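# Topology and contacts: notes
Now for the letters of each chain:
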Amino acid sequence: MDEALRVGVIGAGPWAHRVHAPGLQAHRGTRLASVWARRTEAAEALAGEHGAEVAGSFDELLGSVDAVAFAVPPAVQAELAPLAARAGKHLILEKPLADDLAGAQAIVDAVTGSGVAALLMLTRRFDPGVQRWLADLPDLGSFQGATGRWLAGGLLAGDYAASEWRQQDDGALIDAGPHAIDLLDAALGDIEQVHFAHRGADGLWQLVFGHEGGTTSTLTLSLRMPVQPSLVDFAVYGEHGCSPLTGRRTAALDCYAQLLDNLLVMIRENRVEHPCGVHRGLHLQRVIAAILKAR
């Protein structure tokens, strides 16, 4: 690739302002080329901050970019991402892939059929500290289990408190859940069963998973917990001891830069498989569906 990848952003909400647009503009291998949102004034504000064009329609954006970054609710992503893939555009996707299994499968089918590169923005998987933690886990020997806690107050106040899809009863599971589930899954192996799922009246989730090989993990999850700072921690237990995930979290923009590095390598080498690709997203969607069925 001799020139910067032209990327269009779909959506103009807080995450697009904080991560997608500045991340694309700062990376030497990408350029924020265009923005489209259903609210024209929001698209104009975001594009104006970074010298990008404003597309008059989704189709117009597709005609002017090489890749599309989505910053929209899951149902909207499920509607538009297959169209972008079939148009030959590489994809940066948010989690979860869709609002249901059928929508997630449609994205996977479109990406697989078109051969485009696609990555899911599982922020912490692009954190070098998390990558080192996962790489060191085999030193524990045989795994015996894991625990995770993701407790934050993001739905009580702030930019995301106004998000309708996050404010639904299962919003914490759908929003933060994929990140937390992905880390437990990556640490112990694929989640094959949901042994227990309970959501309290205050939105606090208690979950028990069964992983391949027979190990189990537990997860406590809430985005309505008034704790400052947020409490996000994980630990894996093995025959040689315990390995907690420690250290400061890498900033989201730095993780996004790592994602873009990976995407550009995939495009350059004509590769479509990646640990955080669409098949990963489909697996996480299946786990979420199993949780909702089991609660």
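Residues numbered from 1 in each chain as written. Predicted model: local features only at pLDDT ≥ 70, side-chain atom pairs only at ≥ 80, totals over all residues. Heavy atoms only, no water.

Moving on: the UniProt feature "domain: Gfo/Idh/MocA-like oxidoreductase N-terminal" (unreviewed entry) in the protein. Sites flagged by UniProt as "domain: Gfo/Idh/MocA-like oxidoreductase N-terminal" (unreviewed entry) map to residues 5-116. Annotation note: span residues 5-116, helix share 50%, strand share 21%, distance between end C-alpha atoms 14 Å. (UniProt positions renumbered as here; feature names shortened; annotations may be inferred. Helix = DSSP H or I, 4+ residues; strand = E, 2+ residues; numbered from the N terminus.)

A separate point is helix 2 (residues 40-50). Restricting attention to buried positions, one finds in helix 2 the residues Ala42, Ala43, Leu46, Ala47 and His50. Angular distribution of buried residues about the axis of helix 2 spans 125°; they occupy a single face of the element. Its buried side turned inward, helix 2 meets strand 1 (5-10), helix 1 (14-26), strand 2 (30-36) and strand 3 (53-54). (Buried < 20%, exposed > 50% of the residue type's maximum accessible area, 1.4 Å probe, protein only. Arc of directions from axis to C-beta. Contact = heavy atoms within 4.5 Å.)

Turning to unusual backbone geometry, a few remarks are in order. Here Lys95 and Pro96 are connected by a cis peptide whose omega angle stands at -10°. Structurally, Pro96 can be placed in the loop between strand 5 (90-93) and helix 5 (101-114). Residue Pro229 is reached from Gln228 by a cis peptide bond, and omega for that bond is -5°. Within the element layout of this structure, Pro229 appears in the loop between strand 10 (216-222) and strand 11 (231-238). With phi around 55°, Asn270 is a residue other than glycine that occupies positive phi space. One can find Asn270 in the loop between helix 10 (252-268) and helix 11 (278-294).

One key point about sheets: their strands pair by backbone hydrogen bonds, in either a parallel or an antiparallel sense. Pairing within the open sheet is parallel, and its six strands lie in the order 3-2-1-4-5-6. Unpaired on one side and paired on the other, strand 3 and strand 6 (118-120) mark the two borders of the sheet. Strand direction decides the pairing type here: strand 2 and strand 3, joined by two bridges, are parallel. When the bridges of strand 3 are listed, Val35 appears paired with Val54. (Pairing = 2+ DSSP bridges.)

Turning our attention to the side chain of Lys95. Along the chain, the position of Lys95 falls in the loop between strand 5 and helix 5. Side-chain polar atoms of Lys95 contact the side chain of Asp175, separated by 2.6 Å. When neighbours within four sequence positions are excluded, Lys95 is seen to be in contact with Leu120, Met121, Leu122, Trp165, Asp175, Pro178 and His179. (Polar contact = N/O pair within 3.5 Å; in protein donor to acceptor, adjacent residues only side chain to side chain.)

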